[in-house]
Amino acid sequence: MDVSDLLTSAGINIAICVVLLSLYSILRKQPGNACVYFTRRLVSEPVRGTGAISCFERFVPSTGWIAKAWQATDEEILAVGGVDAVAFMRIVVFSIRVFIIAAVICLFIVLPVNYYGQDMQHKEIHSESLEVFTIGNVKEDSKWLWVHCLALYLISCSACVLLYFEYKNITKMRLAHITGSPPNPSHFTVLVRGVPWSPDNSYSNSVEQFFSTYYPESYLSHQMVYGSCTVDKLMKDAERMYRMLKSIDPRFLDRSLPYCIPGGAAHPFMVLNLRADSVSSSTSMDRLQPSQRRKECPAAFVFFRTRYAALVAAQVLQSSNPMLWVTELAPEPHDVYWSNLSIPYKQVWLRKITTLIASVVFMFLFLLPVTFVQGLTQLEHLDQLSRRVPFLKGILKQEFIHRVVTGYLPSVILMLFLYAVPPTMMLFSAMEGNISRSQRKRSACIKVLYFTIWNVFFVNVLSGSIIRQLTVFSSFKDAPKQLARAVPTQATFFTTYVLSSGWASLSCEIMQPFPLICNFFRKFILRTKVEPSSCALTFPHHTEIPRLLLFVHIGFTCSIMAPLILPFLLVFFFLAFLVYRNQILNVYVRKYESGGEFWPIVHNSAIFSLLLTQVIALGVFGIKQSPVASGFIIPLILLTLLFNEYCRQRFSPVFKRRPAQILIEMDQQDEQLGRKEEIHNQIRSAYFQNPIISHQVSINSNLPLSRNTSHHQGDEDNLHGLKSLKPFRYSTSSIR
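All chains use their own residue numbering, which begins from 1 and follows the written sequence. Per-residue local features are limited, in this predicted model, to residues with pLDDT of at least 70; the limit for side-chain atom pairs, both in listing and counting, is 80 or more; totals at the level of whole chains, interfaces and linings are taken over all residues. Only hydrogens and water are set aside; all other atoms, that is, all heavy atoms of the structure, feed into the side-chain values.

- The protein chain is annotated in an unreviewed UniProt entry as CSC1/OSCA1-like 7TM region domain-containing protein from Gossypium raimondii.
- The heading Sequence similarities (unreviewed entry) in the UniProt record of the protein chain holds the text "Belongs to the CSC1 (TC 1.A.17) family." UniProt positions are given in the numbering used here, feature names are shortened, and annotations may be inferred rather than shown by experiment.

Dropping the structure here:
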């Protein structure tokens, strides 16, 4: 590939980005698209007038959203998206800072050394092959290889310093989130699984007896986890009916309109008075079949009087059999993944092994499309394709078509195949048995990250036949040399991949094509004028974090090998800074808060990328017959490993466990203020397995516990809640 092919790919992607961003700036001004581009504000803020906008302004592209995203502070991001949103944006900020340093060093020092590394007659810039800008153009035993070694030292040291400060700041934010928020029910709650079955007692009685005996002073109460039954189905049907009635146009809610009850006659549209005795008689548990009653699962939420007692109970081995009475700190109520709590604990390890095997099989099956994509980037494969399909011979001879096929089409095809990866990995993570939604996303994030780095980087670098890809690591001692030969030659593909999968994907992210199509179908095909009540989306950490970390990985490994990629990477990260800030402020809704628990994944991935870059440089210097430069890389690898170990010992434990010192101080403060009894009463009502109607989608972690006022201890409490319902009548004001 030459410079003109790269410029063709860049031109296509720039045009796509400009068109999509201009179209976005127009579509976001249309009132009918508010539920697509301002979802968070519609859900969590009162509807306010935005002022009159002329018809001309509504259909003219503008850059107002860019200014708002740029001017937003970290405090605003924290208030809207929580610690998770701020930690995610720190990935982008870290990438911008480290690659600005790398670009200054590599473009002004390393790139000229690569370009003039051989005694050759250079062509015009647009006709030059991109390989002359890589380290492969430097002749063997060149003294200028010291420049690459020095550049690698500067980039590695800068990255480690920036990583240290980011890790330190996010750790402080996580601790501030624990101490600064109102009493969190998850701090007092332990999830116990593997409750042993007893023929004499129910699971509930067993839990009460166990914790009353061994934790008599700190045990408060518990709540069992139930399997699905008729009651759950009725409650879900009630929520579905509520949403249907809420979406009905108020004009059709006239009391004179008839409605029919199955098996009955037509009645005026009015709600019948519900008497307590009729409700209790029609929904009595005695009339339900045994198979329809709520079945207790061998899992329960156990509430303790203090945070410290819950921490100790969660980390102590409760029984001589590690598979029984398994305890861990409970996730916050809105983060619980209820469907997985009914899975027997003895099946969890088997599920994890099964999903791991399925992920590996899926990873190797993906070699087929990657091999096909790499075939398009190599001229000999295109010649074979032309001979097998004769009518393509004349088409591929056209200069523009040839540039598109070799410079743009491969990365686009690979990007389309990769769209199927996150949903698949999310399914695998759900099958693993994760107990919280954030844990499921974190597990999917790790799987997607491993998948993309393997298939997008390693398989493309070691391109060729599948046999070669599987046998290239048959001798691990030759792996650095294999990578050293392959990375500079594949740098052109990674550059075009940054353009297509980077720039264009960010434009698609801000456009929100799927919600936009659904909104168009709902309004113009179904003719529904009322906005949907449940259209809020949470931030897709499992797709966006691996995408950012993949580009960080590509940037580190190609920085001194092919510095020409760095300007395109910087454009991607600057655009990502604006796009993701806009999405956090306007689109995505925070339903739960993990306190930035995914940041260790980011740190470990960055360290792995740095180490791989150093290993590749070690192989390159060995191939180029520069033993002194190779010798200086070894201390750099050791220093990077020592830095990672220090961060692992200093910061990582805070993301795995809660500090006892902080929890004890919070318990003492609650006792001094005299609010322990109030907190205990609120804890009992925090975890509600099947809410009848979900009135609020957005959950603010700073809200007090009193917002969670529903209490659930079994079917008797459900019936008691039904008895307490007062007669009501539908009105247009209530529907609105």
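### Focus on the overall build of the protein chain
Then step 1. The helix and strand inventory of the protein chain stands at 31 helices and six strands.
Then step 2. Burial status follows relative accessibility: with a 1.4 Å probe on protein chains alone, a residue under 20% of its type maximum counts as buried, one over 50% as exposed, and anything between as partly exposed. Within the span of the protein chain, comprising 736 residues, buried residues form 51% of the whole.
Then step 3. In the protein chain, once contacts between residues fewer than 6 apart in sequence are set aside, the share between residues at least 24 apart is 83%.
Then step 4. Entry remark: accessible area of the protein chain is about 35,800 Å², with carbon and sulfur atoms responsible for 62%. Secondary structure elements are taken from DSSP: a helix is a run of H or I of four residues or more, a strand is a run of E of two residues or more, and numbering for both begins at the N terminus. The criterion used for residue contact is that any of the two residues' heavy atoms lie within 4.5 Å. Only the protein chains shown count as covering a residue, and every accessible area follows the Shrake-Rupley method with a 1.4 Å probe.

### Concerning the sheet that holds strand β2 (residues 219-226)
Then step 1. Paired strands, in this sense, are two strands between which DSSP finds at least two bridges. Across the sheet, four strands lie side by side as β2-β5-β1-β6; this open sheet has antiparallel pairing. Two strands bound the open sheet, and with one partner strand each, they are β2 and β6 (326-329). Pairwise comparison of adjacent strand axes, ignoring direction, gives a mean angle of 25° for this sheet.
Then step 2. Pairing of strand β1 (residues 189-193) with β6, which is carried by four bridges, proceeds in the antiparallel orientation. Each axis is a line fitted through C-alpha atoms, and for a helix only the stretch in contact is used; angles between axes span 0 to 180 degrees, taken between their N-to-C directions.

### Here's the deal with helix α23 (residues 513-525)
Then step 1. The first and last C-alpha atoms of α23 sit 17 Å apart over 13 residues, in line with the 18 Å expected at 1.5 Å per residue.
Then step 2. Taken together, the buried positions of α23 are Leu516, Asn519, Arg522 and Lys523. Seen from one end, α23 has its buried residues packed into an arc of 130°, which puts them on one side. Away from its buried face, by an angle of more than 90 degrees, α23 presents the exposed residues Phe514, Ile517 and Ile525.
Then step 3. Positive phi shows up at Arg527, right after α23, with a value of about 60°. A helix's residues, less one, multiplied by 1.5 Å, set its expected span. Directions are taken from the helix axis to each C-beta atom, and the arc is the one they span.

### Some remarks on unusual backbone geometry
Then step 1. Despite not being glycine, Gln512 shows a phi value in the positive range, around 50°.
Then step 2. Position of Gln512 among the secondary structure elements: in the loop between α22 (479-511) and α23.
Then step 3. You will see that Gln625, though not glycine, has its phi angle at about 60°, which is positive.
Then step 4. One can find Gln625 in the loop between α26 (599-623) and α27 (627-650).

### Looking at the side chain of Arg174
Then step 1. By the element assignment, Arg174 lies in helix α7 (residues 145-180).
Then step 2. Here a polar contact means two N or O atoms within 3.5 Å. Within protein one must be a hydrogen donor candidate and the other an acceptor candidate, and residues neighboring in sequence count only if both atoms are side-chain atoms. A polar side-chain atom of Arg174 sits 3.0 Å from the main-chain carbonyl oxygen of Val654.
Then step 3. In this structure, Arg174 is in contact with Ser594, Gly595, Glu597, Val654 and Phe655, ignoring residues within four places of it in sequence.

### What to know about the environment of Ser218
Then step 1. Relative to the elements of secondary structure, Ser218 occurs in the loop between α8 (203-214) and β2.
Then step 2. With 95 residues separating them along the chain, Ser218 and Ala313 place their C-alpha atoms 9.7 Å apart.

### A look at the packing of helix α19 (residues 421-432) against helix α20 (residues 437-461)
Then step 1. Running from amino to carboxyl end, α19 crosses α20 at an angle of 135°, the nearest separation of the two axes being 8 Å. With respect to their mutual orientation, α19 and α20 come out oblique. Relative to α20, the crossing made by α19 is right-handed. The residues of α20 that touch α19, namely those facing Val421, Pro422, Met425, Met426, Phe428, Ser429, Ala430 and Glu432, are Arg440, Lys441, Ser443, Ala444, Lys447, Val448 and Phe451.
Then step 2. Throughout, the ten residues Ala, Val, Leu, Ile, Met, Phe, Trp, Tyr, Cys and Pro are labelled nonpolar, Asp, Glu, Lys and Arg are labelled charged, and all others, Gly among them, are labelled polar. Partitioning the contact of α19 with α20 into residue classes produces nine nonpolar, two polar and four charged. Each angle gets one of four labels, with under 35 degrees taken as roughly parallel, over 145 as roughly antiparallel, 65 to 115 as roughly perpendicular, and the rest as oblique. For any helix crossing, the convention is left-handed if the near helix is rotated counterclockwise from the far helix by under a right angle, and right-handed if that rotation is clockwise.

### Overview of the pairing of β1
Then step 1. With five of its five residues buried, β1 lies for the most part within the structure.
Then step 2. Because side chains alternate across β1, one face comprises the buried residues Thr189, Leu191 and Arg193, and the other comprises Val190 and Val192, equally buried.

### Some thoughts on the packing of α20 against helix α24 (residues 541-558)
Then step 1. Remark: α20 packs on α24, axes separated minimally by 8 Å, with the N-to-C direction vectors making an angle of 35°. In the packing of α20 onto α24, the handedness of the crossing is right-handed. Between α20 and α24, the residues in contact are Lys441, Ala444, Cys445, Val448, Leu449, Thr452, Ile453, Val456 and Phe457 and His541, His542, Ile545, Pro546, Leu549, Leu550, His553 and Thr557, respectively.
Then step 2. The class makeup of the residues in the contact of α20 with α24 is 11 nonpolar, five polar and one charged.

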